[in-house]
Amino acid sequence: MSKTLIVFYSNTGHTGRIAEAIAALGNWPTAEIRELTSRRGAWENLRCVIESSLKVRPRIEFDATVLSSFDLIIIGTPAGVGRIASPVRSFLSRHVHSLQRVAFFCTRGSKKAGTVFDQLSDASGKTPVSTMAI
Ligand SMILES: Cc1cc2nc3c(=O)[nH]c(=O)nc-3n(C[C@H](O)[C@H](O)[C@H](O)COP(=O)(O)O)c2cc1C
């Protein structure tokens, strides 16, 4: 049977709530990509914009020991200035070799998901089995 893990980054909580809702569908576990510092506030929003635009990969906290025991990883990110969240970029750059099959979801404020899923595919080197934009 397929073993599924939901991996997500969330700044203001939307992506986290969707991650928990997806997880409840199959009683799957979740794993959050965390940062050492908060991204709340106007200056931190500016940092999001700069980091996303420059494709910065900030330091993250993530326990990767379990990754290889799952054959499907569902990865969730908020859209920020049309790009994947930079902590998700960090996650993918470090752990891409531990990923088998992937699916992607994103939460966003605008009607179009833009190229977020293409960016996730490029960063992971994988074609997703499914995508969902909310
Ligand atoms: C700095 C900043 C940039 C954003 N840029 C976009 C964007 O380019 N496109 C979009 O659809 N939503 C954009 N949003 C909205 C977020 O993607 C949306 O609120 C998302 O659900 C946040 O997820 P979170 O609560 O998990 O952090 C932006 C939000 C912020 C704060």
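Would you mind going over helix α2 (residues 42-54) in detail, with residue names and values included?
For α2, with 13 residues, the first-to-last C-alpha span of 19 Å sits near the 18 Å given by 1.5 Å per residue. Two residues or fewer past α2, Lys-55 is found with a positive phi of approximately 55°.

Can you explain the site of the ligand? Please cite residues and give values.
Around the ligand lies a shell of 19 residues, among which Ser-10, Asn-11, Thr-15, Pro-78 and Arg-108 are the nearest. Elements supplying a minimum of two residues to the shell around the ligand: α1 (14-26), α2 and β3 (72-80). Class assignment for the residues of the shell around the ligand results in five nonpolar, 13 polar and one charged.

Describe the nonpolar core, listing the residues and the values that go with them.
Counting 24 residues, the largest nonpolar core has Val-7, Phe-8, Ile-33, Ile-73, Ile-75, Val-88 and Phe-104 as its most contacted members. For this core, the secondary-structure elements that each account for two or more residues are β1 (4-8), α1, β3, α3 (86-95), β5 (101-107) and α4 (116-124). Sequence-distant contacts of Ile-75, that is, excluding residues within four places in its chain, are made with Val-7, Val-88, Val-102, Phe-104 and Leu-120.

Account for the environment of Gln-119, naming residues and giving values.
Inspection of the secondary structure puts Gln-119 in helix α4. Residue classification places Gln-119 among the buried residues on the basis of 22 C-beta atoms within 10 Å. The spatial distance from the C-alpha of Gln-119 to the C-alpha of Arg-89 is 9.2 Å, given a sequence separation of 30 residues. Ignoring anything within four residues of it in the chain, the contact list for Gln-119 reads Arg-83 and Ile-84.

Criteria and thresholds
Residues numbered from 1 in each chain as written. Predicted model: local features only at pLDDT ≥ 70, side-chain atom pairs only at ≥ 80, totals over all residues. Helix = DSSP H or I, 4+ residues; strand = E, 2+ residues; numbered from the N terminus. Expected span 1.5 Å × (residues − 1). Near = placed C-beta within 6 Å. Nonpolar A, V, L, I, M, F, W, Y, C, P; charged D, E, K, R; others polar. Core = buried A, V, L, I, M, F, W, Y, C linked by C-beta atoms within 7 Å. Buried ≥ 20, exposed ≤ 12 C-beta atoms within 10 Å, placed from the backbone. Contact = placed C-beta atoms within 7 Å.

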